[in-house]
Structures are given as structure tokens and as C-alpha cells.
Amino acid sequence: MGHHHHHDEIFKLHTPDFRQLNKKLDRRTFLTKTSLGLGALAMGSLLGRDLFGSSPKAAAGAAAGAEADILKALPHFAPKAKRVVYLFMSGGPSQIETFDYKPGLAAMLGQDLPPSVRNGQRLTGMSANQSQLPVAPSIYKFNRHGKNETWVSELLPHTAQVVDDLCIVKSLYSEAINHDPAITFFQTGNQLPGRPSIGSWISYGLGSDNHNLPTFIVLVSRNGQKDQPLYARLWGNGFLPSKHQGVQFRAGGDPVLFLNNPEGYDGKDRKEMLEYLTKLNQLQNSAYGDPEVDARIAQYEMAYRMQTSVPEAMSMADEPDEVFDLYGPDSRDPGTYAANCILARKLLEKDVKFVQLYHQGWDQHGNLPQAIAQQCKATDQATAALIKDLKRRGLLEDTLVIWGGEFGRTVYSQGKLTATDYGRDHHPRCFTMWMAGAGVKAGISYGETDDFSYNIVKDPVHVHDFQATLLYLMGIDHERLTYKFQGRRFRLTDVEGKIVQGILAS
């Protein structure tokens, strides 16, 4: 007992009496300020002349100042692209059925993949237990198209028409072998969730060109096969201020959730309520200097402006029949991939900086020939139409269009291989993406894979290299776009990433 008593005495000796130290500091203020992560700061200065010698406002101000210095330098060089549309094919489209033509495989139908090709590389749990890994050539034919006689699959007849505008990169690779880490890696630069997405980094770095719409807008197809889920964090802001997050626009009466006025409210009521809310937020901000309060005020104001701008942006009433004919019959059906492609063009015309479409359904472990034909049918015409439409409107020269998924597919069949049917497993070691428009060479293929489309033999492009190049085309040096969080400077490309010089237009 004596020992406990002794400790109590010591504690009393070393614990200052808050009431004596600062009469102005009531309990609530103390708890609020320490809970804002300033506990250590406050305790450190308890013994000094001022209880909160460095106010939270000053600390927030210093952080904002450092951030302002980073942003002041942007863009780091003249941007080639003013805006990006990223057509994300979720699930991992097979390169072997689309762009990576391997005529030699036909003679090897059903033979086991040579061990020298696989080289002991990691397989997924879905095909690791197969007694054989039989080579499955594509049952679809390839034909040459365009000035450079580029090989394109018969599944993509419309894309084949615009091949002279495409920069096809056949040598992408990633470390992630499962969907969630692979998509998260592509969108945020890390396989684990919590980092800001590409569109959020661009919003943070370059700001907005349209006061009335978000800088980063996401459209998810209603008509993709829902084989793999998508999460809102894929377009999230991570640790960046919340105003940089992607905003999902949907088909239907409520394109942006929680944007419309509640029942019984009119515009005037709403404006009055927002004015009072802003005053309350400003009071809170002057007390604590929390930058997230500023972000929240900005979000409310943006939401109010979007009540007018979103219905106008989403309306297809002004589109002539020839536009719907160009994008294909699906384009008249709101929420389809084709309708979202038209919407993307409208948003790009309004100078939205980053528009991202997600189309699910490319995860073809079985029944690949039939399933990939459906996917191509749902996307091919509208994808090509978007390129043609941007080009004829003079927008392609300063818009970057990107097409691709999170990884490729294996050359061997997952499950039973027959003359007309096979599946393919995930393959992160090589896959194809393409870009078109601002700053990239048109009509070229870059990078090469081996005869099995299994390993890269020339000009590999890592996910971080792709991200570094995308930022470069937007005028950003990926090594200099940083954000300090929890004591560490973060960037999209982490500590890697090289610009792919070979695809850049001179």
C-alpha cells in the first residue's frame, strides 16, 4: 500500500494544476484541443509561459504554407493534356483476345506451358492446383489495320478503325495478382487502401477549370457484368482534403446522391440554410483552424452550384441522332457504357479535368470466348466513337484518353480446354493498355511480350511508370507532387516511376 501512496505523491508533485496555469482554459476547450492531436504540444508547453504557446491555428497555418509552396510550382512544365478520360476495364481484359497477337500459339493448342516460360512464377490459388497448364490460343482472328498495319482482334472492329490514333502499350506489368490490390494499386499507387486516387492527386495539384462541377467525376456502367465489386475508395481522396475526391454521377432521377433539396425545401430556403451553416463552420474554423472545415464549406457551396450544373450536364436532350448513331444503340439507354461515353465527352467539353469510366465484367476465368465477345460488343463501338467525337470537335489534341484494366490473362486455360471454350486466370506479368490524344505518339505499338504473351521481352512499363507518364502529360513532375501526412511525404508513384519516353510525341 505504501508504494502506491508514494506514487500518488510523486504524481501530485509533477502534475501542474490547470486552474492555476490558465484561468481562460475551460475543460471543453482543453479536451477539444488535445483531441485534435495537440495533446503532446499542449503538455509540452504546460511548463512554459503560455499554455498553448503554438495554437492549433498556427500549426495548421504552417502546414498550409508548406503545401502552398508545393502547389505554387504547378504545373511544373507546359502540360500536353488539359484533361483525361480514363476508360477502366475492370476485371482484367485478356490481351491475347484483343491486341497481343500470337499466331504461333495455334500449333501448340493443348500443350503444357513450358516450365522455362513460367520459370516458377507465382500463380493464383485458382489454377495453381491444375495438373496441367494447357496453352489456349485465341479462337478469334486478328487482322491488320491502319497505316502501320497494326494487328487488332476481330472482336474490336470499331477500335480497329481508329487504330492510327492509338498508342498501344503491350508491356504493362504489375505485382498484384488479385483484383482488389491490383485495382487499388493502379488507382492509388499502393496495393493497400487509404491513399488518394490519381484523379484526386490531379485535383489537388492542378485545381479546377470549372467552378460549377467537380474536378474529378466517375461514371460506372450499369450494363457491365458484376463479376468483381468496385469500391468508392478507388476514387477516394485518401488523406488529401475531401474536396479532391471523385464524385460519382449515376443514371436516373438522382444523378448525384444527396444533391437534391429535401422535400418541402425550395432553392431560397436552401440558400438561407447554407448561409447560416457557413457562418457556423467559419466560427468553428476560427476557433480551431481545421482545414477540413474549409473543405466542408467549399463542398456545400459546390453542391449548391451543382443543383443547376448537374441536370444540365446530364441532359442528352441536345444530342442529335447522329451522335447516338455514332456511339451505338446502347447510347440511348442512360447508365450504359455507351451513354457514359457521351456523358464523358460532355463533361470534358465543360473542362472537367479527370473523368473516369468503370466497366466491369472482364474477369473471365471460364467461358471466356463467349463472355469477352459480349464485353467487346458492349464497349467497342462507343470507345471508338469517343475518339472520333473528341477528334472532330478539336478536343483530342489536348485530351488524354486511356483504356485498360488492372492486369492481363494467362496464355494457359484455367479449367477444361475444348475447341471452342476455355478460361484464363489473372496474369500481372504482361498486359496491354492504350492511350490516345494529347502528348502521345499516334499509330504505334510499344513494348513486346514473348511468344506466349507470358513475359515481357522489350520495353517493360510498370504501373508506376504509367502513373508518372500520365502526370507528366498533365504538366506534373511526379517526384515533386507530394503531400505530407503523419510525418511522411507521400506521392502517387511512391519512390518509383519513370516517364515512358518512347511513347511521347515530340
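Residues numbered from 1 in each chain as written. Predicted model: local features only at pLDDT ≥ 70, side-chain atom pairs only at ≥ 80, totals over all residues. Heavy atoms only, no water.

A.B. asks: I tried to follow the overall build of the chain on my own but got confused; where do I start?
C.D. replies: Helices and strands together make up the secondary structure of the chain, namely 14 helices and 17 strands. By the burial criterion, 52% of the 506 residues in the chain qualify as buried. Sequence separation of 24 or more characterises 78% of the internal contacts of the chain that already satisfy a separation of 6 or more. (Helix = DSSP H or I, 4+ residues; strand = E, 2+ residues; numbered from the N terminus. Buried < 20%, exposed > 50% of the residue type's maximum accessible area, 1.4 Å probe, protein only. Contact = heavy atoms within 4.5 Å.)

A.B. asks: Help me out: how do you make sense of the pattern of salt bridges in this one?
C.D. replies: Pairs may arise between side chains of opposite charge once their charged atoms sit close together. By the definition in use, this model includes 24 salt bridges. Residue Asp 325 pairs with Arg 332 through a salt bridge whose shortest N-O separation is 3.8 Å. Exposure remark for Arg 332: the relative accessible area of 46% places this residue in the partly exposed category. We note a salt bridge from Arg 345 to Asp 389, for which the minimum N-O separation is 3.2 Å. (Salt bridge = Lys/Arg side-chain N within 4 Å of Asp/Glu carboxyl O.)

A.B. asks: In this structure, what is going on with the layout of surface pockets? I would like to understand it.
C.D. replies: A probe matching the size of a water molecule, rolled over the atoms, marks out where space remains unfilled. Reported here for the second largest pocket is a volume of approximately 910 Å³. Lining the second largest pocket are 37 residues; nearest its centre among them are Gln 245, Val 247, Gln 299, Met 302 and Met 306. Considered class by class, the residues forming the lining of the second largest pocket number 18 nonpolar, 14 polar and five charged. (1 Å grid on protein atoms, 1.4 Å probe; cavity = no way out; pocket = protein on both sides within 12 Å on 5 of 7 lines; lining within 4 Å. Points joined across faces, edges and corners; volume = space filled by probe spheres on them. Nonpolar A, V, L, I, M, F, W, Y, C, P; charged D, E, K, R; others polar.)

A.B. asks: Explanation requested: the pairing of strand E8 (residues 399-404) in the structure shown.
C.D. replies: A regular strand carries its side chains on alternate faces of the sheet. Taking burial as the measure, the six residues of E8 include six buried ones, the bulk of the element. Burial along E8 is two-sided: the residues Thr 399, Val 401 and Trp 403 and Leu 400, Ile 402 and Gly 404 are all buried. With six bridges connecting them, strand E1 (residues 83-90) and E8 associate as parallel partners. Bridge pairing links Val 85 to Val 401 in E8. The pairing of E8 with strand E11 (residues 431-437) spans four bridges and is antiparallel. Of the residues in E11, the one forming a bridge with Ile 402 is Met 435. (Pairing = 2+ DSSP bridges.)

A.B. asks: Just to check I follow, could you spell out the side chain of Glu 406 for this structure?
C.D. replies: Structurally, Glu 406 can be placed in the loop between E8 and strand E9 (408-413). At a separation of 2.9 Å, a polar atom in the side chain of Glu 406 contacts the main-chain amide nitrogen of Gly 91. A polar contact of 3.2 Å, which involves the side chain of Glu 406, links it to the backbone nitrogen of Gly 92. Leaving out residues up to four positions away in the same chain, Glu 406 has contacts with Phe 88, Met 89, Ser 90, Gly 91, Gly 92, Ser 174, His 179, Ala 182, Ile 183, Phe 186 and Phe 431. (Polar contact = N/O pair within 3.5 Å; in protein donor to acceptor, adjacent residues only side chain to side chain.)

A.B. asks: Please explain helix H12 (residues 337-349) as it appears in this structure.
C.D. replies: Three- or four-residue spacings in an α-helix give side chains the same orientation, since the helix completes a turn every 3.6 residues. In this model, H12 (13 residues) spans 18 Å end to end at C-alpha, consistent with the 18 Å of a helix rising 1.5 Å per residue. Among the 13 residues of H12, twelve are classified as buried, and the element is accordingly described as predominantly covered. Tyr 337, Ala 338, Ala 339, Asn 340, Cys 341, Ile 342, Leu 343, Ala 344, Arg 345, Lys 346, Leu 347 and Leu 348 are the residues of H12 that are buried. Just past H12, the residue Asp 351 takes up positive phi, approximately 65°. (Expected span 1.5 Å × (residues − 1).)

A.B. asks: I tried to follow empty space enclosed by the protein on my own but got confused; where do I start?
C.D. replies: Counting across every chain of the model gives two cavities of 30 Å³ or more. In this structure, the largest cavity is lined by Phe 99, Leu 156, Thr 159, Trp 362, Thr 379, Asp 380, Thr 383, Trp 403 and Trp 434. At three residues, the largest contribution of residues to the lining of the largest cavity is made by helix H13 (residues 368-392). Looking at side-chain class alone, the lining of the largest cavity contains five nonpolar, three polar and one charged residues. The space that makes up the second largest cavity amounts to roughly 40 Å³. Lining the second largest cavity are Val 169, Leu 172, Met 435, Val 461, Phe 466, Thr 469, Val 500 and Ile 503. Secondary structure elements with two or more residues in the lining of the second largest cavity: strand E4 (166-173) and helix H14 (463-473). Along the lines of polarity and charge, the residues of the lining of the second largest cavity split into seven nonpolar, one polar and no charged.

A.B. asks: Would you take a moment to explain the confidence of the model for the chain for this structure?
C.D. replies: Reading predicted coordinates in detail is not appropriate for stretches of low pLDDT. Per-chain confidence: the chain averages 89 in pLDDT, with 88% of residues scoring 70 or above. Confidence over residues 10-16 falls short of pLDDT 50; this stretch has three contacts with residues more than four positions distant or in other chains. For residues 40-53, every residue scores under 50 in pLDDT, and the model assigns this stretch 18 contacts once sequence neighbours within four places are set aside. (pLDDT = per-residue confidence, 0-100.)

A.B. asks: I tried to follow the side chain of Gln 356 on my own but got confused; where do I start?
C.D. replies: Its place among the elements puts Gln 356 in strand E7 (residues 354-360). Gln 356 sits in the buried class, given a relative accessible area of 1%. Engagement of the side chain of Gln 356 in a polar contact is seen with the side chain of Gln 187, the distance being 3.0 Å. Setting aside residues no more than four positions away along its own chain, Gln 356 makes contact with Tyr 86, Phe 88, Gln 187, Phe 216, Ile 217, Val 218 and Leu 219.

A.B. asks: Can you walk me through the packing of aromatic side chains in this structure?
C.D. replies: What describes a pair of aromatic rings is the distance from one ring centre to the other and the angle between the planes of the rings. Tallied over the entire structure, the rule returns 21 aromatic pairs. An angle of 90° between the planes, with centres 5.3 Å apart, marks the rings of Phe 216 and Phe 354 as edge-to-face. With Phe 216 in strand E5 (residues 216-220) and Phe 354 in strand E7, the pair connects residues that are 138 residues apart, well separated along the chain. The buried category is assigned to Phe 354, whose relative accessible area is 0%. Seen in terms of ring centroids, Trp 403 and Trp 434 are 6.2 Å apart; in terms of plane orientation they differ by 5°. Their pairing is stacked. Linking Trp 403 in strand E8 with Trp 434 in strand E11, this pair joins segments that are 31 residues apart in sequence. The residues Trp 403 and Trp 434 share a single accessibility class, namely buried. Three or more aromatic residues joined by ring pairs form one cluster here, namely Tyr 86, Phe 88, Phe 186, Trp 235, Tyr 358, Phe 431 and Phe 466. The lysine or arginine in question, Arg 233, covers the ring of Tyr 231, its NZ or CZ lying 4.6 Å from the ring centre. (Phe/Tyr/Trp six-rings, centres within 6.5 Å; stacked < 30°, edge-to-face > 60°. Lys NZ or Arg CZ within 6 Å of the ring centre and 35° of its normal.)

A.B. asks: Please explain helix H7 (residues 179-188) as it appears in this structure.
C.D. replies: Burial analysis of H7 places eight of its ten residues in the buried class, the great majority of the element. Of the residues making up H7, those classed as buried are His 179, Ala 182, Ile 183, Thr 184, Phe 185, Phe 186, Gln 187 and Thr 188. One or two residues past the end of H7 sits Gly 189, with phi positive at roughly 85°.

A.B. asks: How should the pairing of E1 be read in this particular structure?
C.D. replies: Burial analysis of E1 places eight of its eight residues in the buried class, the great majority of the element. Where burial is concerned, the two faces of E1 agree: the one with Arg 83, Val 85, Leu 87 and Met 89 and the one with Val 84, Tyr 86, Phe 88 and Ser 90 are both buried. The pairing of E1 with E7 spans seven bridges and is parallel. Each bridged residue has a counterpart across the sheet, and for Tyr 86 the counterpart in E7 is Gln 356.

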